[in-house]
Amino acid sequence: MSLLLAAADDANTVHLTAQTRILAAILALAFMLAILELIRRDKLQERYSVIWFVAGLGMLAGAAFPGLLELVADAMGVRDTNVALFSIVLFFLLGLALNFSVIMSRQAAQITRLAQERALEGVRDQERENGNGAAPGPAESKEEQAGRR
Amino acid sequence: MRTLVFIPAWNEQDSIAAVIADVRAEIPGADLLVVDDGSSDATSRTVRENGVLVATLPFNQGLGAALQTGYLHALRGGYDCCAHLDADGQHPAKEVARLLAEVEADRADLVIGSRYTDPDAEIGVDDYRPTLSRRIGTSVFRFFLTLATRQRFTDTTSGMRAANRKVMSLFSQHYSPDFAEIESLQLAVREGLRVQEVPVQMLERAGGSSFLTPLKSAFFIFKGVVVLLVGQFRPKRVGAER
């Protein structure tokens, strides 16, 4: 019985060995370096990198100050710090995925409008070629201009 | 009164010429535009050979985007009203002319051609016999759209419509790419536009079969219901002219 209690007590505290902490810190630093490199090579726009930097900093903080995680877990009222850690990461990733869906939707709408404008430009070209007297239509209607104001 | 008739087409090289000829014969006063939704066949070329303007989308974008292209062209071209019909030959142009007459007489802002002649008749009892999954889908969409708009609709997915400038202005800005037909009706009613359904005669599909398998149908119906539900909570937009 006392053994069980001791084991349960054991699970309540984090025991990060120096090895794990060093490994976590190295991983976090490598992660942030990778992001820097991606920006440097123009493969990642700065505006999308901020969130990843914050994530990298979080990882680094967790490695440097393991007590921090316990503090957070306590604040959340979660007994097992591992559960707290996984919940935080899970919700972070969930929010990020949602954010990407929003960006994707916006870009899909932009691509559609671009394709439509291109198609209508083609129509104006045909009208010009036909030269049937009718002037090509305007690039924008008064309703659209009014809608933007 | 200037009128534009536009035809969204996706890989319809075999039927598009006949549809163009039909529209020219039945609605002689109207300008014509075919919106080629990124066809991989000779649709665009066939249209140009028939002396009709064609708006070629660089890649397939779906029916909603194609229709929106037509509305955008109608709006910018200064047309007073416009109409569209399917490119597969299901929609006789003389019926489209009847829809246009309703808009020209200013009895409605948006007129839908319904294949169901009697709004109270059971689906499929007359000359039109759809598949089971199609019947279920039609009933579900009818029910929810009627519930959402508090207006009776029988043919919610009809692609034969006529509209005035108010509708052009709205649809050229807001047109759902996935549920073009149903959501646009909901949107138009919510924006206070007069939407009217007119019974029309439609023909059997010239070729090809429905693209829906039962599982896809079920998913399609589910998606449609979610879209309608979400649409009920969308903020109302302030139109440019109203």
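What counts, and at which threshold
Residues numbered from 1 in each chain as written. Chains lettered and ligands numbered in written order. Predicted model: local features only at pLDDT ≥ 70, side-chain atom pairs only at ≥ 80, totals over all residues. Helix = DSSP H or I, 4+ residues; strand = E, 2+ residues; numbered from the N terminus. Buried ≥ 20, exposed ≤ 12 C-beta atoms within 10 Å, placed from the backbone. Contact = placed C-beta atoms within 7 Å. Nonpolar A, V, L, I, M, F, W, Y, C, P; charged D, E, K, R; others polar. Expected span 1.5 Å × (residues − 1). Pairing = 2+ DSSP bridges. Axes fitted to C-alpha atoms, helices over the stretch in contact; angles between N-to-C directions. pLDDT = per-residue confidence, 0-100. Parallel < 35°, antiparallel > 145°, perpendicular 65-115°, else oblique. Right-handed = clockwise from strand over helix to strand, strands pointing away. Core = buried A, V, L, I, M, F, W, Y, C linked by C-beta atoms within 7 Å.

What follows concerns the overall build of chain A. Check the secondary structure of chain A and you find six helices and zero strands. Going from the N terminus to the C terminus, chain A shows its helices and strands as α-α-α-α-α-α. For chain A, the residues scored as buried account for 9% of the 149 residues in total. Of all intrachain contacts in chain A linking residues separated by at least 6 positions in sequence, the fraction that spans at least 24 positions is 49%.

What follows is about the interface of chain B and chain A. Counting residues at the interface gives 21 residues for chain B and 17 residues for chain A. Taken together, the elements giving at least two residues each to the side of chain B that touches chain A come down to strand 3 (53–56), helix 3 (63–76) and helix 6 (165–173) of chain B. Of the residues contributing to the side of chain B that touches chain A, the split by class is 11 nonpolar, eight polar and two charged.

On to helix 3 of chain B, then. For helix 3 of chain B, spanning 14 residues, the distance from its first C-alpha to its last is 20 Å, which sits close to the expected 20 Å at 1.5 Å a residue. Phi for Gly78(B), located one or two positions after helix 3 of chain B, is positive at around 75°.

This part is about the sheet that holds strand 1 (residues 3–9) of chain B. Strand pairing in a sheet is mediated by backbone hydrogen bonds. Such pairs are either parallel or antiparallel. Residues and elements named next belong to chain B. With mixed pairing, the seven strands of this open sheet are ordered in space as 3-2-1-4-6-5-7. Looking at the sheet topology across the chains shown, the edges are occupied by strand 3 and strand 7 (195–199). This sheet shows a mean twist of 20° between the axes of neighbouring strands, independent of strand direction. Direction of pairing for strand 5 (residues 110–114) relative to strand 7: parallel, over a ladder of five bridges.

When pLDDT drops low, the exact placement of atoms in the prediction is not to be read closely. Per-residue confidence for chain A gives a mean pLDDT of 82, with 82% of residues at or over 70. Per-element confidence in chain A ranges from a low mean pLDDT of 52 for helix 1 (residues 2–12) of chain A to a high of 92 for helix 5 (residues 81–130) of chain A.

Residue and element names in this part refer to chain A. At their nearest, the axes of helix 4 (residues 66–76) and helix 5 sit 9 Å apart, and the two run at 85° to each other. Taken together, the axes of helix 4 and helix 5 are roughly perpendicular relative to one another. Residues Leu 69, Glu 70, Val 72, Ala 73 and Met 76 of helix 4 lie in contact with helix 5, whose contacting residues are Thr 81, Ala 84 and Leu 85. A per-class count over the contact of helix 4 with helix 5 returns six nonpolar, one polar and one charged.

Residue and element names in this part refer to chain B. Burial of strand 1 is extensive: seven of the seven residues sit out of reach of the surface. Across the two faces of strand 1 the burial is the same, with Thr 3, Val 5, Ile 7 and Ala 9 and Leu 4, Phe 6 and Pro 8 all buried. Bridge count for strand 1 against strand 4 (residues 81–84) is four bridges, and the pairing is parallel. Opposite Thr 3, over in strand 4, you have Cys 81 as the bridge partner. Pairing between strand 1 and strand 2 (residues 31–36): six bridges, direction parallel. Pairing of Ala 9 across the sheet is with Asp 36, part of strand 2. Following the chain from strand 1 across helix 1 (residues 16–26) to the adjacent parallel strand 2, one finds a crossover that is right-handed.

Let us look at the pairing of strand 5 of chain B. Residue and element names in this part refer to chain B. Burial of strand 5 is extensive: five of the five residues sit out of reach of the surface. Of the two faces of strand 5, the one carrying Leu 110, Ile 112 and Ser 114 and the one carrying Val 111 and Gly 113 are both buried. Pairing of strand 5 with strand 6 (residues 161–164), which is carried by three bridges, proceeds in the antiparallel orientation. If you follow Ile 112 over to strand 6, its bridge partner there is Arg 161.

Our focus in this paragraph is the nonpolar core. Residue and element names in this part refer to chain B. The biggest cluster of nonpolar side chains holds 71 residues, and the ones touching the most others in it are Leu 33, Cys 82, Val 96, Leu 99 and Ala 162. The biggest single contributor to this core is helix 3, with eight residues. The contacts of Ala 162, once residues within four sequence positions are left out, are Cys 81, Ala 83, Val 96, Leu 99, Leu 100, Glu 102, Val 103 and Val 111.

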